[in-house]
Structure formats: structure tokens, C-alpha cells
Amino acid sequence: MTRRVIDELRKMKLDITLMHVCGTHQDTLIRFGLDDEFRDVGVDIRQGPGCPVCVTPPSEIEEVLALARSGVTVAAFGDLMKVPGERESLNDAKAEGADVRIVFGVDDAVELSRRMKNDVVFVAIGFETTAPTTAMALLSNPPENFYVLSLHRTVPPALKAIASMGEMKLHGMIQPGHVSTIIGTGPYEFLSRKKKMPQVVAGFEPLDLLMAVYMLARQISEGRADVENEYVRVVKPEGNQAALRAMGDAFEATDAPWRGFPTIQDSGLSIRSRLEGHDASRRFSEVIAPVLEREYVEPEGCRCGEILRGIITSDECPLFGTKCTPQTPIGPCMVSREGNCYISHRYRRGGKRT
Ligand code: SF4
């Protein structure tokens, strides 16, 4: 089957660039060597801003560090621990005595706050896949000492930014299956309508990606720009209404900075004022406000921002695999399991693509 699809793509004599926005898609592409197979038939696939930890900008990493140093208990996903801040990482702060706990989800953080007297701040990172669970925790009358620092982002505004910035010629987009499980297919339609962007929602198996690329190639060769759904076994056009309701009840859209991007309109999720008793950004504003008064720069030499915009691949960063490795990460793209540099380093064992 794989060979047949690749042969069909070869017959189309393609020369196209596609983008996906998903760490799991990137993992499948590189782990199974599909990126090389696709490139061989004229299909270049770039990972866009599809890694929640990677797109979290330096200023927000500093917010988390400031909270950790202030004496609250910070509950964060493991991927965040090694992300380098301006001076140190959360791991370093923990070694210096800050109370930083690794959690696997918001429920762990709620449970932690039940067991502790100290204030617990859950660092809520992720797209529409994880935002509903944070929303549910906020709406379920959590303990008084439970707070959320909402660093959630939503995908469609970032897609709009990518398509509008016009830094690279994109012929189509592969949309993320798990985000689409929540939001459905409707939120992508504006891109097809207004930007004439062919799109396919795809699952995460190698065959899903093969079919998604084939479907996009068909759209492109037929001059269509539709939203098609390859992942029909999971994604419904209307998405998950209960999850969307919870998100709407707990959050409101806000403009948010993304690493590598200018501020993207309506791409963040701030906690609604009626839940402000659990909003870390309000409760600990005296800790956070001074952090936000300053500008922060990317780590020297790190090109994560360009990778997140799809302009370059990790191989093109001179620090990749030399100064920057998973053991000595310089930027978040080498820390997160969904990061482009981490994935390339893992499956190519640090070697560059030939
Ligand atoms: Fe940044 Fe390291 Fe990736 Fe280069 S290899 S872009 S320094 S994370």
C-alpha cells in the first residue's frame, strides 16, 4: 500500500511544500523515514507551530520561573523542566530549592493542591487537545489553593498567521487529528475559502499521513481548495461539543505571543473573570508583572522561531547536534518530545539529513 501511494505521487510529478502543526505528525514522518520518501517524489513537509512547549515564548518561561522562585508550588509537565530560560531552567530552580513538581495532567495538580497547604500553580500548556481538561478542572470547584497559569494556545489563529505572513509558499496543510477531534473541521474552512488553501485532517499512523498527502496532491492537481477529513474514524465535522462548551465556559480568547511570531490575535485562552479566584495571573500579579515589563530574547544562535514558522528545518541550525543536543538543549525545540530538533535528533541520532 505504501509503495502504491508513493508510486501514485511520483506519477503526479509534484513540486510542493506542505505544512503540518503537530508533534505527533512530525514524529511519524521522521520515525518511519516518510519525510525522505515524500521529498523523493517532490513533496516537502514542514512542521509549523505545532509544539505547545516550543511556541511558549521566553517571557512566559520567565513567568513560570518567577512563580517557582516566589515560593508557590509549581506543577508542570515534564517537557517544560529543561526549557532554558534567560538564566536557568525549571530544573535548575528546583535544584536551588524551588518546589516544582512534574505532573501528567491537570488532575494531578488538583490532587496535589488537596494534599498541600501551599498554593499550587498548574502551568497549563497545550492546544485545544488539553485546554478542555484544564477547563473542566476550573469548573469543578477545585481547592482554594489551586491556580492555573493559562498558557494555552489555539491552533486556527496560528494557521491564519502562517498563511497571512506569506514567508513561504505553502501548497497545502495537514491539520492535526487530535485538535480536530475537539474543534471539528469547520474552523479550518476560512483558510480554504479566503486563502485557497487545500487542507486535510489526518491521523497519526504512517498510512494516515500517506493518504493525507495523496488527498492534498489530488486537490492541488485538480485546482481545489477544500477541507477534507482523512481521520473520519475519530474526527467529526462538529467536533466535541461538550469539550468546546467547557472551554467556552472557562476561557475567553485573548491576543497572545508565540515564540517566533508576532502577537497572534485571539490565539490565547485567558481565564474568565468569574473564575478569577483560580487565575494565577491575577492572584500572583505582583510576581508576574515585573517579569512582563522586560523584553526577552531567544537563546543566542537558536533558530527555533524560524523552525516554528516552517522556514528552516532543524538540520539547518548550525548548533543542531553539536552545541545543542537533548542533553545540552539551547532552545525548546530540542527539549520537547514534540519539538522538531528533538525528534530529528532522536531518530537520526544527531546526524543531519544527507
Ligand atoms: Fe534551537 Fe537547538 Fe533547535 Fe538550533 S538545534 S534551533 S539551537 S533548539
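Look up: the structure comes first, before these words.
Note that this is a predicted model, so its numbers are computed, not measured.

**Details of unusual backbone geometry**
Positive phi is not limited to glycine here, since Lys13 has a value of about 50°. With respect to the helices and strands, the residue Lys13 is situated in the loop between α1 (2-11) and β1 (16-20). Exposure remark for Lys13: the relative accessible area of 74% places this residue in the exposed category.

**What to know about the environment of Ala280**
Structurally, the position occupied by Ala280 is in helix α14 (residues 280-283). In this structure the C-alpha to C-alpha distance between Ala280 and Leu149, which are 131 residues apart in sequence, comes to 5.0 Å. Those residues in contact with Ala280 that lie beyond four places of it in its chain are Val121, Tyr147, Val148, Leu149, Ser285 and Ile288.

**With respect to a positive patch on the surface**
There is a patch of like positive charges on the surface, built from Lys160, Arg193, Lys194 and Lys195. Looking at the positive patch, the element that brings in the most residues is helix α11 (residues 189-195), giving 3 residues. Residue class for Lys194 comes out exposed when judged on its relative accessible area of 65%.

**Structural notes on the packing of helix α2 (residues 23-31) against helix α17 (residues 340-347)**
Running from N to C, α2 and α17 cross one another at 25°; their axes reach a closest spacing of 10 Å. By the angle between their directions, the pair α2 and α17 is classed as roughly parallel. The chirality of how α2 crosses α17 is right-handed. Along its contact with α2, which presents Gly23, Gln26, Asp27, Ile30 and Arg31, the element α17 presents Asn340, Ile343, Ser344, Arg346 and Tyr347.

**Some remarks on the side chain of Glu63**
With respect to the helices, strands and loops of the structure, Glu63 is situated in helix α5 (residues 58-70). For the buried Glu63, which has no salt bridge, the nearest side chain bearing the opposite charge is Arg153, at an N-O separation of 7.6 Å. Ignoring any residue separated from it by four or fewer positions in sequence, one finds Glu63 in contact with Leu149, Ile288, Val291 and Leu292.

**Here we look at the sheet that holds strand β6 (residues 146-150)**
Overall, parallel pairing links the 4 strands, which are arranged β4-β3-β5-β6 in an open sheet. Of all strands in the sheet, those with a lone pairing partner are β4 (100-102) and β6, marking the two edges. When strand polarity is set aside, the average angle formed by the axes of neighbouring strands in this sheet is 25°. Relative to β4, strand β3 (residues 73-76) runs parallel, the two sharing 3 bridges. Its bridge partner being in β4, Ala75 is matched across the sheet by Arg101.

**Some words on the pairing of strand β7 (residues 172-176)**
One face of the sheet, then the other: side chains in a regular strand alternate in exactly this way. The element β7 is extensively covered by neighbouring structure, given that 5 of its 5 residues are classed as buried. Relative to β7, β1 is paired through 3 bridges, and the arrangement is parallel. Note that in β7 the partner of His20 across the bridge is Ile174. With 4 bridges connecting them, β7 and strand β8 (residues 199-202) associate as parallel partners. Its bridge partner being in β8, Ile174 is matched across the sheet by Val200.

**Side note on the state of the cysteines**
In a disulfide, the sulfur atoms of two cysteines are covalently bonded to one another. For the coordinates displayed, the defined rule picks out 2 disulfides. With its sulfur 2.3 Å from that of its partner, Cys51 forms a disulfide with Cys54. Its S-S torsion of approximately 65° makes the covalent link between Cys51 and Cys54 right-handed. For the pair Cys51 and Cys54, one class covers both residues: buried. The disulfide partner of Cys304 is Cys333, and the S-S distance across this bridge is 2.4 Å. Placement of the pair is Cys304 in helix α16 (residues 304-308) and Cys333 in the loop between α16 and α17, with a sequence separation of 29 residues. Here Cys304 falls in the buried class, since its relative accessible area comes to 2%. Across the chain, the disulfide pattern expressed with sequentially numbered bonded cysteines is 1-2, 3-4. Not engaged in a disulfide, the cysteine Cys22 finds its nearest cysteine sulfur in Cys51; these two sulfurs lie 10 Å apart. With relative accessibility at 1%, the residue Cys22 sits in the buried group.

Reading guide: rules and limits
- Residues numbered from 1 in each chain as written.
- Predicted model: local features only at pLDDT ≥ 70, side-chain atom pairs only at ≥ 80, totals over all residues.
- Heavy atoms only, no water.
- Helix = DSSP H or I, 4+ residues; strand = E, 2+ residues; numbered from the N terminus.
- Buried < 20%, exposed > 50% of the residue type's maximum accessible area, 1.4 Å probe, protein only.
- Contact = heavy atoms within 4.5 Å.
- Patch = residues over 30% accessible without salt bridge, like charges linked within 9 Å, V, L, I, M, F, W, Y side chains within 5 Å.
- Areas by Shrake-Rupley, 256 points an atom, 1.4 Å probe, with all protein chains shown as cover.
- Salt bridge = Lys/Arg side-chain N within 4 Å of Asp/Glu carboxyl O.
- Lys, Arg positive; Asp, Glu negative; His and termini not counted.
- Charge placed at Lys NZ, Arg CZ, Asp CG, Glu CD.
- Axes fitted to C-alpha atoms, helices over the stretch in contact; angles between N-to-C directions.
- Parallel < 35°, antiparallel > 145°, perpendicular 65-115°, else oblique.
- Left-handed = near helix turned anticlockwise from the far one by under 90°.
- Pairing = 2+ DSSP bridges.
- Disulfide = S-S within 2.5 Å.

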